[in-house]
Amino acid sequence: MLKFDRVTKVYKVGAFGGGEFTAVRDASFEVRPGEVVSLIGESGSGKSTLGKMALRIASVSKGKITCDGIDVSTLRGHRALKDYYRKVQGVFQDPFSSYNPIFKADRVFSMIREEYYPEVSQSEWQDRVAEALKVVRLDPNQVLGKYPHQLSGGQLQRMLLARALLLDIDYLVADEVISMLDASTRIDVLNLLADLKARGMGILFVTHDLALGNYISDQTVILYKGEIVERGVTEKVFSDPRHPYTKKLFASVPQFHKKWEEVEAELRAKEAADTSTHPYHLEEGQEVPSELVQVSEGHYVQPFHRRAAV
Ligand SMILES: Nc1ncnc2c1ncn2[C@@H]1O[C@H](COP(=O)(O)OP(=O)(O)OP(=O)(O)O)[C@@H](O)[C@H]1O
């Protein structure tokens, strides 16, 4: 299990690094094997930062991330990191950034052979690459031996997923992997992620696209300004959102027959008419606690002040 336990990230900011900015605060959630967890939130809410910390591209400032019980911050040395990346890999929005333009794109495969499978014969390796490419629905004749600029974003993205397959990883951080793809490739990559999940891979799916999150994930985590405001079983979070930010986020999906002002006015009117009280409603002046409150089984919300603007 990939477990985030009260994870906080503070970046140094300012010309001389004298200032601080908290990008993620006290975030706790888990990604289990064979499960897709969507991290949803607007731009700057801290989604990528959480993914980067799991991949050790960014350090954890407070709290801890464990992978199958091992605290990832404690991994030191080539051997330990190599073993870790054998289990956890990331694929990002811009696949071009993962390739060196002066080398052929399939170098991403030969590099892992050199690092992880030096004992595997050339012909056996070619078979494994062909099999991984087949799974991601790429034709080896069309992609092998080509430079990154000769391939489309979708092809490069799928090659990175094939690389993850060759490594036989347990967890994948997929950070906006769909955004750059055209509509038909999107569905292919989504279905591919579903296949990977069926093979037992745990996937942290970072997105700002609610529909994609709803389509693919078992669990949904809603981030707002670096804090988890709601999380739980996707079906529950989507059908019965409780936090004002989640409600607003869902209401802001364009409704073609309505103007945004109308939607917002409706939300406000509904809230004003709602006199129900719940354990997650805070009294005026009460501080927002970092612990989330259970709404129902598998559905949690951060306590909030009623009618607070988000
Ligand atoms: N290296 C860094 N140094 C300082 N601030 C950073 C750094 N990386 C990210 N941030 C800030 O942290 C916040 C969260 O960034 P992050 O990239 O995690 O957001 P995000 O939710 O993934 O956004 P997007 O959807 O736009 O990618 C942002 O305000 C961003 O400017």
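What counts and how
- Residues numbered from 1 in each chain as written.
- Predicted model: local features only at pLDDT ≥ 70, side-chain atom pairs only at ≥ 80, totals over all residues.
- Helix = DSSP H or I, 4+ residues; strand = E, 2+ residues; numbered from the N terminus.
- Rg over C-alpha atoms; globule rule 2.2 N^0.38 Å.
- Buried ≥ 20, exposed ≤ 12 C-beta atoms within 10 Å, placed from the backbone.
- Contact = placed C-beta atoms within 7 Å.
- Pairing = 2+ DSSP bridges.
- Core = buried A, V, L, I, M, F, W, Y, C linked by C-beta atoms within 7 Å.
- Near = placed C-beta within 6 Å.
- Nonpolar A, V, L, I, M, F, W, Y, C, P; charged D, E, K, R; others polar.
- Axes fitted to C-alpha atoms, helices over the stretch in contact; angles between N-to-C directions.

- An unreviewed UniProt entry lists the chain under the name ABC-type oligopeptide transport system ATPase component, with Thermobifida fusca TM51 as the source organism.

**Remarks on the overall build of the chain**
Now for step 1: A tally of regular secondary structure across the chain gives 11 helices and 14 strands.
Now for step 2: The C-alpha radius of gyration of the chain comes to 21 Å, within 12% of the 19 Å expected for a compact globule of 310 residues.
Now for step 3: When the 310 residues of the chain are sorted by exposure, 35% land in the buried category.
Now for step 4: Pairs at least 24 residues apart make up 65% of the contacts formed inside the chain by residues separated by at least 6 positions.

**Details of the sheet that holds strand E4 (residues 62–67)**
Now for step 1: Spatial strand order, E2-E1-E4-E5: 4 strands in an open sheet with antiparallel pairing. In this open sheet, the two edge strands, each paired with only one partner strand, are strand E2 (19–31) and strand E5 (70–71).
Now for step 2: One ladder, built from 5 bridges, connects strand E1 (residues 2–13) with E4; its direction is antiparallel. Looking across to E4, one finds that Thr8 is bridged to Lys62.

**As for the pairing of strand E9 (residues 219–224)**
Consecutive side chains of a regular strand alternate in pointing toward one face of the sheet and then the other.
Now for step 1: Across the 6 residues that make up E9, a large majority, 6, are buried.
Now for step 2: With 4 bridges joining them, strand E3 (residues 36–40) and E9 adopt parallel strand pairing. Bridging from a neighbouring strand, Ser38 pairs with Thr220 of E9.
Now for step 3: In this structure, E9 lies alongside strand E10 (residues 227–233), joined through 6 bridges in antiparallel fashion. Directly across from Tyr224, in E10, lies its bridge partner Glu227.

**Section: unusual backbone geometry**
Now for step 1: Its identity is not glycine, yet Arg137 carries a phi of approximately 60°, on the positive side.
Now for step 2: In this structure, Arg137 sits in the loop between helix H4 (122–135) and helix H5 (140–143).
Now for step 3: A residue is classified by how many C-beta atoms lie within 10 Å of it, and Arg137, with 14 of them, is partly exposed.
Now for step 4: Here Lys225, not a glycine, exhibits a phi torsion of approximately 50°, which is positive.

**Regarding the nonpolar core**
The tendency in soluble globular proteins is for nonpolar side chains to be buried as a group.
Now for step 1: One finds Ala54, Ala162, Leu172, Ala174, Ile203, Leu204 and Ile222 to be the most contacted residues of the largest nonpolar core, which totals 70 residues.
Now for step 2: Among the elements that take part in this core, helix H6 (residues 153–167) stands out by supplying 8 residues, more than any other.
Now for step 3: When residues no more than four places from it in sequence are discounted, the contact partners of Leu172 are Gln89, Val91, Ala164, Leu196, Met201 and Ile203.

**Quick look at the pairing of strand E7 (residues 171–175)**
Now for step 1: Within E7, 5 of the 5 residues are buried, which leaves the element mostly enclosed by the surrounding structure.
Now for step 2: On E7, burial covers both faces: Tyr171, Val173 and Asp175 on one face and Leu172 and Ala174 on the other are all buried.
Now for step 3: Summarising the sheet, strand E6 (residues 88–91) and E7 pair through 4 bridges and their orientation is parallel. Each residue of the ladder has a partner; that of Gly90, found in E7, is Val173.
Now for step 4: As paired strands, E7 and strand E8 (residues 202–207) are joined by 5 bridges and run parallel to one another. What sits directly across from Ala174, in E8, is Phe205.

**Focus on the site of the ligand**
Now for step 1: Within the structure, the ligand sits among 13 residues, and Tyr11, Ala23, Ser43, Ser48 and Thr49 are positioned closest to it.
Now for step 2: Among the residues making up the shell around the ligand, the classes are represented as 4 nonpolar, 8 polar and 1 charged.

**Focus on the sheet that holds E9**
Now for step 1: The strand order across the open sheet built from 8 strands is E6-E7-E8-E3-E9-E10-E13-E12, with neighbouring strands paired in mixed fashion. On the outer flanks of this sheet lie E6 and strand E12 (293–296), each paired with one strand and no other. Taken pair by pair, the neighbouring strands of this sheet meet at an average axis angle of 20°, ignoring direction.
Now for step 2: Each of E3, E6, E7, E8 and E9 touches helix H1 (residues 47–54); the most contacted strand, E8, lies at about 150° to it.

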